[in-house]
Amino acid sequence: MAILLILYNIGLIILFTVVATLAAITYFKNKKRLYLVITLLFLFLILNNILIYLTEQLPWFSVKFNQLFMTTPSPKTILLVAHTFFLVLILTTTLSRKISFWQYGLVISHALVLLLVPMLPNNAFKIWIYYFPSDLVNITLASYGLATLKQATDKKKRASNIDIKAKSVTTQVLLSKLMFITLIMTSLTIVEDSYVIFFLDNYTFGNVRMTNRSISEDILAIIYAITTIVYLSKKLLTVSQSKKYDANQQTDIVPTHLQFIETYHMTSREAEVLLLLLQNKNNQDISRELYISMGTVKSHIHNIFSKLNVTKRNQVKLLYAEYQQSQKLDPMAADIPK
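Because the structure is predicted, anything quoted here is derived from the model rather than measured.

Asker: Just give me the short version of the overall build of the chain, but keep the residues and values in it.
Answerer: Along the chain, the regular secondary structure elements total 13 helices and zero strands. Mapped from its N terminus to its C terminus, the chain presents α and β elements in the order α-α-α-α-α-α-α-α-α-α-α-α-α. Split into buried and exposed, the 338 residues of the chain put 48% on the buried side. In the chain, of all internal contacts separated by at least 6 residues, the share reaching a separation of at least 24 is 74%. For the chain, the computed accessible surface area is about 17800 Å², with 65% contributed by carbon and sulfur atoms.

Encoded structure:
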């Protein structure tokens, strides 16, 4: 069992290290605050996991750590407050929002509660109330994120009669799924912590255990990590492809074009046709430039219209223009130099 626990902790540390490394690389390439915050978040998750592991494996360390919690602000308190602040930064940045007054208040209130908890009597409730605010913060932020995304989607639908998929496919759907998963896993964390703290841990002699491992919380962190690895890998690949493409095609539309065709799953030939459509080329021009028949041109245009869910050329340009605008407003979009 001890070997499995060691392997489990090593696995988590490696996973979080990969995410932090990818985020740091992406930050140095794009200079966007989002990727720096992601890097810091996962570095703090690494520290938190090391802290939990030490208290699990070294009894003397666990005793000293619990005693420290009784007298001074615990290192765990710093980690939890930092985690809350990083989540607020990531959420507001990905939603293209400024940090609101209530979000600052949420972070400050969380810190104050954690600082006051050590003054309570040593019992199970003391430990439970120490961790519950963090879960409450997660639920609050996830609920806010879902409500904001729904409001943005409804607003866009009312503003246009065209089905705009780009933003939802690349960012909104991903965020919505993560918010929903966060609500579920955080609820399970509350149930798990309540059961472990009140029914399994022993507080008969006024002892406290500050570092109970939560499997539900670990699963949520693993989901965050895997999702972030996939997302950042695609971002880095897009940046690499755009630089290669730009070396051969000197046009200011290429970087967004690459992201656009990836979003709508177009073939290489459809991408070429799309680029010419965006340049106001007619069917005859496209046929001549790509050395394909008029029938083939019409077939590719039909497929493009179908994937974009449009029926006219001007709708293609409008959809692409709105996608460009969403990429400028979307902090998660790659910032590729022209």
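Okay, back to it.
Asker: Residue-level account of the pattern of salt bridges, with values.
Answerer: By the definition in use, this model includes five salt bridges. Across the salt bridge formed by Asp218 and Arg213, the nearest N and O atoms sit 3.0 Å from each other. Overall, Asp218 belongs to the buried group, its relative accessible area being 10%.

Asker: An account of helix α12 (residues 294-308) is needed here, citing residue identities and associated values.
Answerer: In an α-helix there are 3.6 residues to a turn, and that puts residues three or four apart on one side. Helix length check: α12, at 15 residues, gives a terminal C-alpha distance of 21 Å against a target of 21 Å (1.5 Å per residue), a fit within 8%. Directly beyond the C-terminal end of α12, a positive phi value near 60 degrees is found at Asn309.

Asker: Describe the side chain of Thr55, and please don't skip the residues or the numbers.
Answerer: Positionally, Thr55 belongs in helix α2 (residues 33-57). Judged by its relative accessible area of 9%, Thr55 falls in the buried class.

Asker: Could you give an account of the packing of helix α11 (residues 283-290) against α12, naming the residues involved and the relevant values?
Answerer: Here α11 crosses α12 at 110 degrees, and the two axes come no closer than 9 Å. When the interaxial angle is binned, α11 and α12 end up roughly perpendicular. Residues Asn283, Gln284, Ile286 and Ser287 of α11 touch α12, and the partners they reach there are Met294, Val297, Lys298 and Ile301. A breakdown of the residues in the contact of α11 with α12 according to their chemical character gives four nonpolar, three polar and one charged.

Asker: For the confidence of the model for the chain, give the residues involved together with the corresponding values.
Answerer: This prediction gives the chain a mean pLDDT of 82; 81% of its residues lie at or above 70. Across the chain, the secondary-structure element scoring lowest on mean pLDDT is helix α9 (residues 254-263), at 69, and the one scoring highest is helix α5 (residues 101-116), at 94. The model gives residues 245-254 a pLDDT under 50, and that stretch makes nine contacts with residues more than four places away or in other chains. Low pLDDT, under 50, characterises residues 331-338; the stretch is placed with 29 contacts to residues that sit more than four places away or in other chains.

Asker: Give me empty space enclosed by the protein: which residues, what numbers.
Answerer: Enumeration over the complete set of coordinates arrives at one cavity of 30 Å³ or more. In this model, the largest cavity occupies a volume close to 1000 Å³. Among the elements of the structure, α1 (2-30), α2, α4 (75-94), α6 (124-159), α7 (166-200) and α8 (215-248) are those that each provide at least two residues to the lining of the largest cavity. The biggest single contributor to the lining of the largest cavity is α7, with 11 residues.

Asker: Can you explain α5? Please cite residues and give values.
Answerer: Between its first and last C-alpha, α5 extends 22 Å over 16 residues, near the 22 Å set by a 1.5 Å rise per residue. Buried within α5 we find Gln103, Leu106, Val107, His110, Ala111 and Leu114. Around the axis of α5, the buried residues are gathered within 125 degrees of arc, so they sit on the same side. Relative to its buried face, α5 has exposed residues pointing more than 90 degrees away, namely Phe101 and Ile108.

Asker: So what about the environment of Ile190? Which residues, and what values?
Answerer: Position of Ile190 among the secondary structure elements: in helix α7. Judged by relative accessible area, Ile190 falls into the buried class, the value being 17%. For Ile190, the residues in contact, after removing those within four places along its chain, are Phe132, Asp135 and Ile139.

Asker: Talk me through the packing of helix α10 (residues 268-278) against α12; I want residue IDs and the actual numbers.
Answerer: Running from N to C, α10 and α12 cross one another at 85 degrees; their axes reach a closest spacing of 10 Å. Put simply, α10 runs roughly perpendicular to α12. Across from Arg269, Glu270, Val273, Leu274 and Leu277 in α10, the residues of α12 making contact are His300, Ile301, Asn303, Ile304 and Lys307. Here the contact of α10 with α12 is composed, by residue class, of five nonpolar, two polar and three charged.

Asker: Residues and numbers for the packing of aromatic side chains, please.
Answerer: Across all of its chains, the model carries 13 aromatic pairs by this definition. A ring pair is formed by Trp60 and Phe61, whose centres lie 6.0 Å apart and whose planes are at 85 degrees; its orientation type is edge-to-face. Through successive ring pairs, a cluster of aromatic residues spans Phe125, Trp128, Phe132 and Phe198.

Asker: So what's going on with the environment of Phe198? Residues and values would help.
Answerer: Checked against the element boundaries, Phe198 lands in helix α7. For Phe198, a relative accessible area of 39% translates into the label partly exposed.

Reading the values: rules and limits
- Each chain carries its own residue numbering, running from 1 in the written order of its sequence.
- This being a predicted model, a pLDDT of at least 70 is required before a residue's local features are given, and a value of 80 or more before pairs of side-chain atoms are given or counted; all residues contribute to the totals for chains, interfaces and linings.
- Hydrogen atoms and water are omitted, and side-chain values are computed over all heavy atoms in the structure.
- Strands here mean DSSP runs of E at least two residues long; helices mean DSSP runs of H or I at least four residues long; both are numbered from the N terminus.
- Each residue is assigned to one of three classes by its accessible area relative to the maximum for its type, calculated with a 1.4 Å probe on protein chains only: buried under 20%, partly exposed between the two thresholds, exposed over 50%.
- Contacts between residues were defined by any pair of non-hydrogen atoms, one from each residue, lying within 4.5 Å.
- In short, Shrake-Rupley with a 1.4 Å probe defines the accessible areas, and a residue's cover is counted only from the protein chains shown.
- A side-chain nitrogen of Lys or Arg and a carboxyl oxygen of Asp or Glu constitute a salt bridge if their distance falls within 4 Å.
- Under the convention used throughout, the expected extent of a helix is 1.5 Å for every residue step, that is, one less than its residue count.
- Simply put, an axis is a line fit to the C-alpha atoms, just over the touching stretch for a helix, and the angle between two N-to-C directions goes from 0 to 180 degrees.
- In what follows, roughly perpendicular refers to angles from 65 to 115 degrees, roughly parallel to angles under 35, roughly antiparallel to angles over 145, and oblique to any angle outside these ranges.
- Nonpolar residues are Ala, Val, Leu, Ile, Met, Phe, Trp, Tyr, Cys and Pro. Charged residues are Asp, Glu, Lys and Arg, and all others, Gly as well, are polar.
- The predictor attaches a confidence to each residue, called pLDDT, with possible values from 0 through 100.
- Only protein atoms enter the calculation, which uses a 1 Å grid: trapped sets of points that fit a 1.4 Å probe without letting it out are cavities, open sets showing protein on both sides within 12 Å along at least five of seven lines are pockets, and any residue with an atom within 4 Å of a point is a lining residue.
- Grid points are joined across faces, edges and corners, and a volume is the space filled by probe spheres set on the points.
- Our arc is simply the arc of the directions from the helix axis toward the C-beta atoms.
- Here is the rule: rings of Phe, Tyr and Trp (six-membered ring for Trp) pair when centre to centre is within 6.5 Å. Planes less than 30 degrees apart are stacked, more than 60 are edge-to-face, and the remainder are tilted.

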